[in-house]
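Fold and contact review
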Amino acid sequence: MSTSSTAAVAPPDRAVADFEAIYRANVQALTAFFARRCGEPQVVADLTSETFVQAIGSLASFDPRRGGARAWLFGIARHVYARHCERAAHGGHTLAALAGHRELEEDEIEDLADRIDDQRAGRELLERLTQLPELERAALELVDLDGLAPREAAAALNISRGALRVRLFRARTRLRKAEEPS
Amino acid sequence: MSTFEDRLWSELVDVHGDEMRFPPSGARRRRPALLTGTALAAVAAAAAVLVFTAGTTAPPAYAVTTNADGTVTVTLNDIVAITAVNAELARDGVAAKAIPITSDCPVHGFPNPMPAGTDPNTYTVTIDPRQIPAGYTAVVGVAQTPAGKIELAQAAFRSAIVPACFNVTPMVLVPRKP
């Protein structure tokens with residue numbers, strides 16, 4: 001053997017390691033969620049950041065039995081986005097009010113701009129979904145665009161799995177009918 | 001993981017690291033549940049994944065050893081040392097990563113097994129960096145049994161972004177062709 005490294009690691013940062021696993025597994029999906037809605041890299045970054053800041057603040061109430069970490073984070077993301085829209089509608093300085101605001105470096109702006117471009121098809125689909133009731137639209141987006149399992153989407157929307165299935169069925173039927181030639 | 005996501009994580013830890021407190025185990029089912037030894041063994045048997053169990057005497061949390069023949073041996077005896085192991089591998093320039101296997105990870109499936117390079121008698125995984133194709137990462141799955149034992153499953157090279165965890169619970173096991 002030429003080199004060797006061994007160490008005894010103290011355990012106190014287990015919670016940070018646990019949260020990092022949750023963060024790493026979900027941050028790209030959440031960034032895509034906001035990139036689909038916002039055309040500005042800084043806004044995408046702020047909303048993604050705000051989602052995780054809120055998640056950290058509500059860790060005490062996190063219960064993985066209710067749909068798992070992804071459902072929990074998407075539930076938070078939906079609230080973060082709704083609040084962002086409310087503030088924007090009232091002409092408030094949305095970004096300054098967000099806890100997760102951080103000025104982006106140039107390479108981050110470029111990276112996020114690429115992700116916003118990547119979500120073009122998703123944005124177009126979202127626009128087509130505006131004809132659907134809010135809950136149906138949200139169900140379809142979470143399952144078909146964000147890749148959540150139905151049980152996760154149900155938890156994120158705080159509805160039963162049965163209710164989610166009904167919303168999905170109705171949403172897909174409505175979409176199909178809307179796209180059929182008249 | 002992109003620059004944005006890495007920087008955001010660093011900032012979250014710097015600013016909010018002290019607030020990362022999960023509720024006590026009574027309120028929370030438990031930390032991301034790791035596979036039981038039986039479940040991991042089933043996966044290993046079906047997919048020929050090589051599994052090693054850590055020793056029972058109080059060993060170091062981890063060891064990353066570069067051998068004379070250029071291979072790298074990873075030993076892990078404490079689940080919290082995954083980050084340290086990965087930092088060590090990165091420092092050594094080895095395209096390998098230890099990944100926790102959890103039952104609530106949203107990333108399903110587990111890479112196909114990586115050929116050879118292991119010694120079950122030493123409870124370690126040995127990787128030959130020269131066999132890892134450019135742009136690929138050798139994945140070492142890490143599971144902890146309810147008794148606290150660490151099990152390592154050396155898996156295939158993965159070309160895409162390596163996820164933070166794997167979930168093999170609902171995996172459909174298909175016997176491999178000889």
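Residues numbered from 1 in each chain as written. Chains lettered and ligands numbered in written order. Predicted model: local features only at pLDDT ≥ 70, side-chain atom pairs only at ≥ 80, totals over all residues.

**Things to note about the overall build of chain B**
- The helix and strand tally for chain B stands at 3 helices and 8 strands.
- Each helix and strand of chain B, placed in order from N terminus to C terminus, yields the pattern α-α-β-β-β-α-β-β-β-β-β.
- Restricting to contacts in chain B with at least 6 residues of sequence separation, those with at least 24 account for 71%. (Helix = DSSP H or I, 4+ residues; strand = E, 2+ residues; numbered from the N terminus. Contact = placed C-beta atoms within 7 Å.)

**Considerations on the overall build of chain A**
- Scanning chain A from terminus to terminus reveals 9 helices and 1 strand.
- In chain A, the succession of helices and strands from N to C terminus is β-α-α-α-α-α-α-α-α-α.
- Here chain A holds 182 residues, and the buried ones make up 38% of them. (Buried ≥ 20, exposed ≤ 12 C-beta atoms within 10 Å, placed from the backbone.)

**Remarks on the nonpolar core**
- A:Val44, A:Ala139, A:Ala153, B:Val74, B:Val85, B:Val140 and B:Val142 are the most contacted members of the largest nonpolar core, which has 76 residues in total.
- Examining the composition of this core, we find that 11 residues originate from one element, helix α1 (residues 14-35) of chain A, more than from any other.
- Among residues more than four places away in sequence, those in contact with B:Val85 are B:Tyr62, B:Val64, B:Val74, B:Leu76 and B:Ala98. (Core = buried A, V, L, I, M, F, W, Y, C linked by C-beta atoms within 7 Å.)

**Looking at the pairing of strand β6 (residues 124-127) of chain B**
All names here are of chain B.
- Going residue by residue along β6, you find Val125 and Ile127 tucked away on one face and Thr124 and Thr126 left uncovered on the opposite face.
- As paired elements, strand β3 (residues 72-76) and β6 share 3 bridges and run antiparallel to each other. When the sheet's bridge partners are listed, Thr73 is paired in β6 with Thr126. (Pairing = 2+ DSSP bridges.)

**Side note on the environment of B:Gly70**
Residues and elements named next belong to chain B.
- Note that Gly70 resides in the loop between β2 (62-66) and β3.
- Its 10 C-beta neighbours within 10 Å are what place Gly70 among the exposed residues.
- For the pair Gly70 and Arg130, spaced 60 residues apart in sequence, the C-alpha to C-alpha distance is 8.3 Å.
- Not counting chain neighbours up to four residues away, the residues in contact with Gly70 comprise Pro129 and Arg130.

**Things to note about the environment of A:Asp46**
Residue and element names in this part refer to chain A.
- Following the sequence through the fold, Asp46 ends up in helix α2 (residues 41-57).
- You can call Asp46 buried: it has 25 C-beta atoms within 10 Å.
- Separated by 58 residues in sequence, Asp46 and Leu104 place their C-alpha atoms 9.4 Å apart.

**Examining the confidence of the model for chain A**
Residue and element names in this part refer to chain A.
- In this model, chain A carries an average pLDDT of 81, and 84% of its residues clear a pLDDT of 70 or more.
- Across residues 7-12, confidence stays below pLDDT 50; counting only partners more than four residues off in sequence or on other chains, it has 12 contacts.
- Confidence drops under pLDDT 50 across residues 93-99; counting only partners more than four residues distant or on other chains, this segment forms 14 contacts. (pLDDT = per-residue confidence, 0-100.)

**Remarks on the packing of helix α7 (residues 134-145) of chain A against helix α8 (residues 150-157) of chain A**
All names here are of chain A.
- For the pair α7 and α8, interaxial distance at closest approach is 9 Å and the crossing angle is 140 degrees. Between α7 and α8, the angle is such that the two are oblique. Every pair of crossing elements has a handedness; the one defined by α7 and α8 is right-handed. Residues Leu135, Ala138, Ala139, Leu142 and Val143 of α7 lie in contact with α8, whose contacting residues are Pro150, Ala153, Ala156 and Leu157.
- Residue composition of the contact of α7 with α8, grouped by class: 9 nonpolar, no polar and no charged. (Axes fitted to C-alpha atoms, helices over the stretch in contact; angles between N-to-C directions. Parallel < 35°, antiparallel > 145°, perpendicular 65-115°, else oblique. Left-handed = near helix turned anticlockwise from the far one by under 90°. Nonpolar A, V, L, I, M, F, W, Y, C, P; charged D, E, K, R; others polar.)

**Re the packing of α7(A) against helix α9 (residues 161-179) of chain A**
Residue and element names in this part refer to chain A.
- Two numbers describe how α7 lies on α9: the axes approach to 8 Å, and their chain directions differ by 95 degrees. Put simply, α7 runs roughly perpendicular to α9. From α7, Leu135, Glu136, Arg137, Ala139, Leu140 and Val143 reach across to α9, where they touch Leu164, Arg167, Leu168, Arg170 and Ala171.

**What to know about the environment of B:Gln131**
Residues and elements named next belong to chain B.
- Along the chain, Gln131 falls in the loop between β6 and β7 (137-144).
- Overall, the presence of 14 C-beta atoms within 10 Å leaves Gln131 in the partly exposed class.
- Along the chain, Gln131 and Thr71 lie 60 residues apart, while their C-alpha atoms are 9.7 Å from each other.

**A word on α7(A)**
Residues and elements named next belong to chain A.
- Between its first and last C-alpha atoms α7 spans 15 Å; for 12 residues at 1.5 Å apiece the expected length is 16 Å, and the two agree.
- Restricting attention to buried positions, one finds in α7 the residues Glu136, Ala138, Ala139, Leu140, Glu141, Leu142 and Val143.
- Trailing α7 by a residue or two, Gly147 shows a phi angle of about 80 degrees, which is positive. (Expected span 1.5 Å × (residues − 1).)

**Observations concerning α2(A)**
- If you check α2(A), its first and last C-alpha atoms are 24 Å apart, about what 17 residues at 1.5 Å a residue would give, namely 24 Å.
- In terms of burial, α2(A) is a largely internal element, 14 of the 17 residues being buried.

**With respect to the confidence of the model for chain B**
Residues and elements named next belong to chain B.
- Taken as a whole, chain B shows an average pLDDT of 64; of its residues, 49% reach a score of 70 or greater.
- In the model of chain B, strand β1 (residues 50-53) stands out as the element of lowest mean pLDDT, 32, in contrast to helix α1 (residues 3-16), which has the highest, 86.
- Across residues 26-57, confidence stays below pLDDT 50; counting only partners more than four residues off in sequence or on other chains, it has 83 contacts.
- Low pLDDT, under 50, characterises residues 170-178; the predicted model gives this stretch 10 contacts beyond four residues in sequence or across chains.

**Observations regarding the pairing of β2(B)**
Residues and elements named next belong to chain B.
- The sheet contact formed by β2 and β3 spans 5 bridges and is antiparallel. Paired with Tyr62 across the strands is Leu76, a residue of β3.
- Here β2 folds back onto β3 in antiparallel fashion, the turn holding 5 residues, of which Gly70 has a positive phi close to 95 degrees.

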